[in-house]
Protein chains: 2
Amino acid sequence: MLAAVLLPFLCCLSSAAAGKLLVIPMEGSHWLSMKAVLAELSRRGHEIIVIAPESRMLVDSSAMYTLKTYPVPFKKEELQELMHSLALDTFSEKPFLFRFLNTWENFRKSSAIFKATCESLLYNKEVMKYIEESKFDAILTDPLTPCGQIIALHFSIPTVFFLRGVPCAIDVHAAQSPDPPSYVPRVFSLYTDHMTFPQRVKNLLISISEPFLCSTVFSSFESLASDFLQKPMTITQLLSHGSIWLKRIDFVFDYPVPVMPNMIFIGGVNCGQKKPLSQEFEAIVNASGEHGIVVFSLGSMVSEIPMKKAIEITEALGSVPQTVLWRYTGEVPPNLPKNIKLVKWLPQNDLLAHPKTRAFITHGGSHGVYEAICNAVPMVLMPLFGDQMDNAKRIETRGAGLTLNILEMTSKDISDALHAVINDKKYKENIKRLSDLHLDRPIHPLDLAVHWVEFVMRHKGAPHLRPAAHELNWIQYHSLDVIAFLLAVVLLSMFISLKCCLFCCRRCFRKKGRASKPTKSKSH
Amino acid sequence: MLAAVLLPFLCCLSSAAAGKLLVIPMEGSHWLSMKAVLAELSRRGHEIIVIAPESRMLVDSSAMYTLKTYPVPFKKEELQELMHSLALDTFSEKPFLFRFLNTWENFRKSSAIFKATCESLLYNKEVMKYIEESKFDAILTDPLTPCGQIIALHFSIPTVFFLRGVPCAIDVHAAQSPDPPSYVPRVFSLYTDHMTFPQRVKNLLISISEPFLCSTVFSSFESLASDFLQKPMTITQLLSHGSIWLKRIDFVFDYPVPVMPNMIFIGGVNCGQKKPLSQEFEAIVNASGEHGIVVFSLGSMVSEIPMKKAIEITEALGSVPQTVLWRYTGEVPPNLPKNIKLVKWLPQNDLLAHPKTRAFITHGGSHGVYEAICNAVPMVLMPLFGDQMDNAKRIETRGAGLTLNILEMTSKDISDALHAVINDKKYKENIKRLSDLHLDRPIHPLDLAVHWVEFVMRHKGAPHLRPAAHELNWIQYHSLDVIAFLLAVVLLSMFISLKCCLFCCRRCFRKKGRASKPTKSKSH
């Protein structure tokens, strides 16, 4: 039966007509998991064109796709400087106001860079002519910057979104997915799906304030989209045209909430097949003895930290019997003990998959967390920015790791946390349980992602999955017009009934009055 | 890559530890698609025990599972008589009030039978002892009668629900899935997901009335469950404990609406691999020539119809050049032409899959409709009862078939409709488009169903997919307490501010007054 059932699937996988896919990616770690999907799509014979700015960081050229670039009014060094500054900010121990202003300034700069990138693409006649003439079957894009969707709307090409989420739950609203603030914690709230009354109050207040907050963040894109498409367009309206939302979410890690049929969950897509370690790493791991190793990385964007913090961390890591493999490109701390091996790059997933790996010290980026879940490695989390605090909270509440405050943690805190997740069996048991649930799936998330990209290419979208809610405004969606009408009918009926009653009563009394008067006159 | 990715899946499929599954099925066509899932589960080595009443209709014994029966206070003949009466009612041309009373009476009788069946099971000491001692890993049940869930709660066994839906959207509410009446048409409303204002008014009114309507329908089960479990229990609370909802829904046919992560969509699960026709049917199909055949069945529960209607239908079918294969066990109509072949049973899916099949005349049961979609055969729909009117409406609005009113249709209506769906290309094109979308899926619904039953057996449920909304009451879920609190704070703040202002003003005026008085006195 299995063979019979798989046959059409396998047959369909091999006989699928090759299509033409335009990819407008997002910079940074977002690109890494998207690239895994492109590799598989390329292997299946599709023609893939990646369009990226000339000044970029991780988006690289490859034999799997054609990389087309366009000039932008900033240099790669400026980008790197901005990233460096963002990373350093998180370690800053200056007063809150100073840090806030610094973060705001960096944020303003990144927004300006994202907008300038998009503007450079939209108004690059050569690239736009190329896109128009290429007759792409679909666009695969990260909607965190909605440039891909602006192009998609302009040329009427269906889009597949590839994302974890968009700030202020814009993705959720754009997909018309209900999002009750009573049990769906808002990003940055650090709440779980079980909230106390005061937490629910704060969660609702965050929820109400989100549209205002995010209109500031996305207003430049909204005006860009409106100018380019020559019609007023909010960011939510823009993203509402996506055919399929490939969400890097799994409910083992994220909380179960209402979803829509065109949301496909591919959390763990980046956790691929384990590859053998290189000789260099194999030697380090083998030399670690019975205590095994600890993998330590603060993500692809943060490879060095202030020396004071580095010394504190080094001191803590020196106190554990495990060998620590630390991805670190900064100045070597003077107190570096023998059990710490500093490396410029490490094969994170393959190391986490190694049976000798005891723990993972991570900033809590979703990619790393999914690799740790996939390989059942307990975590010590040092969240830095973005959604990392929320990710750390999720792992901690599930008993699969411990969170440290990067600014306040002492050397003892770090070694205590590491000691706990390695030696207290409950952390390993919990992450193993999460891992078992996560890996017990009918199809690998990578194949799921590939299927839905191909689906959109084959059928020119997925209109049958588009909810009719898109045709309703806010008042109609919540049936407020219907409720107002029914209330009006009820009130009007009550008013008329009351009037009728009063009228009847008056008539009755008047009649009685009239009837009694003659009697009176007669009696007189 | 594909092999690498499929390998763990295939490996997992074959190495899965065999489990012990209790099945408490629903009678009628519901059983047929559940049986397909049981066949696959049995093939994969699981021990399956089906518990069904001694008096039953379609639930049969098989080598794939052990059938255990229990006595019930009614006979099989009574069941058959009830079904016969239900079917005849739909053809009745008596006045509305008479038909309504008849339907109500039949409905009362079926409710009583369902309740008696459940009661006989729950209070059968021998069977209950058997269930307790058997240590089942999971229960697979159709929640249309919640008997399986009562047993599951009693013995703390996780449940997998297998269903298309429960009246009054009880399944949707029990799963905590949002269900906005602004674009989710209610069952029996015959609306689509695009509603006019008056339709939205009616849809909301149906939605409001549903809890009252269904409390009548399910009250006997609620009191049975409350008595047996010794705590008050509504039907929604009872079903809220299901681990996984296997819903026989596909968004090619049903409208896209909000869903929950523990809902798995297996619409088309009954449309299996095409098997070769028997010699008898092969001969009929081959003899049909270039015009091909029409398949005609009113479902497993209706195999005969009143003679007057049969003659009308026969007259219509005699006028088409196709050979009509009609599943019919009633008295042979006197005007039976040569192109109509009456059969007591037909291999519906295999016939629909035959390239010579031009159209399908159906009552619009979801099983038949999915087989028609799967095999891309346009339909003439003659809905009789239940959700069949809504199913017919969906197919008609998608341009893949035509609906006839079984009471009002004339011979000409039937032949016109049949002629249209066969000869007007748009019907074939539309059903082909639906079929292509439906069949383009990453995994067959049967494998998906099997995976999730096994998942629940392996992990003793799916607690990570259970939304926290279950812990909230209606007021909390809709944040009404939070909104009331915030309103109170705002009003109180306004009140205090107003009071302060008034106080200040009064003080000011009083001071002014006092200040002016001495002046006055001085001036005097």
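Residues numbered from 1 in each chain as written. Chains lettered and ligands numbered in written order. Predicted model: local features only at pLDDT ≥ 70, side-chain atom pairs only at ≥ 80, totals over all residues. Heavy atoms only, no water.

Visitor: I'd like a description of a positive patch on the surface, backed by residues and values.
Guide: Together, Lys499(A), Arg506(A), Arg507(A) and Arg510(A) give the surface a local cluster of positive charge. Among the secondary structure elements, Lys499(A) is positioned in helix α19 (residues 480–523). (Patch = residues over 30% accessible without salt bridge, like charges linked within 9 Å, V, L, I, M, F, W, Y side chains within 5 Å. Areas by Shrake-Rupley, 256 points an atom, 1.4 Å probe, with all protein chains shown as cover. Salt bridge = Lys/Arg side-chain N within 4 Å of Asp/Glu carboxyl O. Lys, Arg positive; Asp, Glu negative; His and termini not counted. Charge placed at Lys NZ, Arg CZ, Asp CG, Glu CD. Helix = DSSP H or I, 4+ residues; strand = E, 2+ residues; numbered from the N terminus.)

Visitor: Tell me about the relation of the copies chain A and chain B, and name the residues and values.
Guide: Mapping chain A onto chain B calls for a screw motion: a turn of 180° about the axis and a shift of 0.0 Å along it, with 0.0 Å RMSD after fitting. Between the two chains, the operation in question is that of a two-fold axis. Identified as the residue of chain A closest to the rotation axis by C-alpha distance is Val259(A), at 2.7 Å. (Least-squares fit on C-alpha atoms with pLDDT ≥ 70 in both.)

Visitor: Describe the interface of chain A and chain B, with residues and values.
Guide: Accessible area lost upon the coming together of the parts serves often as the stated size of an interface. Contacts between chain A and chain B engage 64 residues on the former and 64 residues on the latter. Viewed at the interface, chain B and chain A are joined by four salt bridges. Here Asp481(A) and Arg200(B) are joined by a salt bridge, their closest N and O atoms 2.5 Å apart. Taken together, the links from chain A to chain B amount to 13 residue pairs in polar contact (both at pLDDT 80 or more). Secondary-structure elements contributing two or more residues to the side of chain A that touches chain B are α1 (2–15), α2 (29–43), α8 (197–229), α16 (425–439), α17 (445–459), α18 (474–477) and α19 of chain A. Looking at side-chain class alone, the side of chain A that touches chain B contains 42 nonpolar, ten polar and twelve charged residues. (Contact = heavy atoms within 4.5 Å. Polar contact = N/O pair within 3.5 Å; in protein donor to acceptor, adjacent residues only side chain to side chain. Nonpolar A, V, L, I, M, F, W, Y, C, P; charged D, E, K, R; others polar.)

Visitor: Give a description of the sheet that holds strand β10 (residues 340–343) of chain A that names residues and reports values.
Guide: All names here are of chain A. What the six strands build is an open sheet, ordered β10-β9-β8-β11-β12-β13; its pairing is parallel. Of all the strands in the sheet, the pair left with one neighbour each is β10 and β13 (401–403). When strand polarity is set aside, the average angle formed by the axes of neighbouring strands in this sheet is 15°. In this sheet, β13 lies alongside strand β12 (residues 379–381) in parallel orientation, the contact comprising three bridges. When the sheet's bridge partners are listed, Leu381 is paired in β13 with Thr403. (Pairing = 2+ DSSP bridges. Axes fitted to C-alpha atoms, helices over the stretch in contact; angles between N-to-C directions.)

Visitor: Outline the UniProt feature "transmembrane region" (unreviewed entry) in chain A, supporting the account with residue identities and numerical values.
Guide: Taking the numbering used here, the UniProt-annotated feature "transmembrane region" (unreviewed entry) corresponds to residues 482–505 of chain A. Counted over residues 482–505 of chain A, helix gives 100% and strand 0%. Its end C-alpha atoms are 34 Å apart. (UniProt positions renumbered as here; feature names shortened; annotations may be inferred.)

Visitor: Describe the state of the cysteines, naming the residues involved and giving the relevant values.
Guide: Residue and element names in this part refer to chain B. All chains considered together, the criterion is met by six disulfides over all chains. Each sulfur in the disulfide pair Cys118 and Cys147 lies 2.2 Å from the other. Handedness here is read from the sign of the S-S torsion; for Cys118 and Cys147, about 100°, the answer is right-handed. Of this pair, Cys118 sits in helix α4 (residues 96–122) while Cys147 sits in helix α6 (residues 147–155), and the two are 29 residues apart along the sequence. On the basis of relative accessible area, Cys147 is assigned to the buried category, the value being 5%. (Disulfide = S-S within 2.5 Å. Buried < 20%, exposed > 50% of the residue type's maximum accessible area, 1.4 Å probe, protein only.)

Visitor: Let's hear about empty space enclosed by the protein: which residues, and what values?
Guide: Taken as a whole and judged by the stated rule, the model has four cavities of 30 Å³ or more. Its volume calculated, the largest cavity comes out at about 1,100 Å³. Lining the largest cavity we find 47 residues, and of these Met263(A), Ile264(A), Leu448(A), Ile264(B) and Leu448(B) sit closest to its centre. When contributions to the lining of the largest cavity are tallied by element, the ones reaching two or more residues are β7 (263–265), α16 and α17 of chain A together with β7 (263–265), α16 (425–439) and α17 (445–459) of chain B. The class makeup of the residues in the lining of the largest cavity is 35 nonpolar, six polar and six charged. (1 Å grid on protein atoms, 1.4 Å probe; cavity = no way out; pocket = protein on both sides within 12 Å on 5 of 7 lines; lining within 4 Å. Points joined across faces, edges and corners; volume = space filled by probe spheres on them.)

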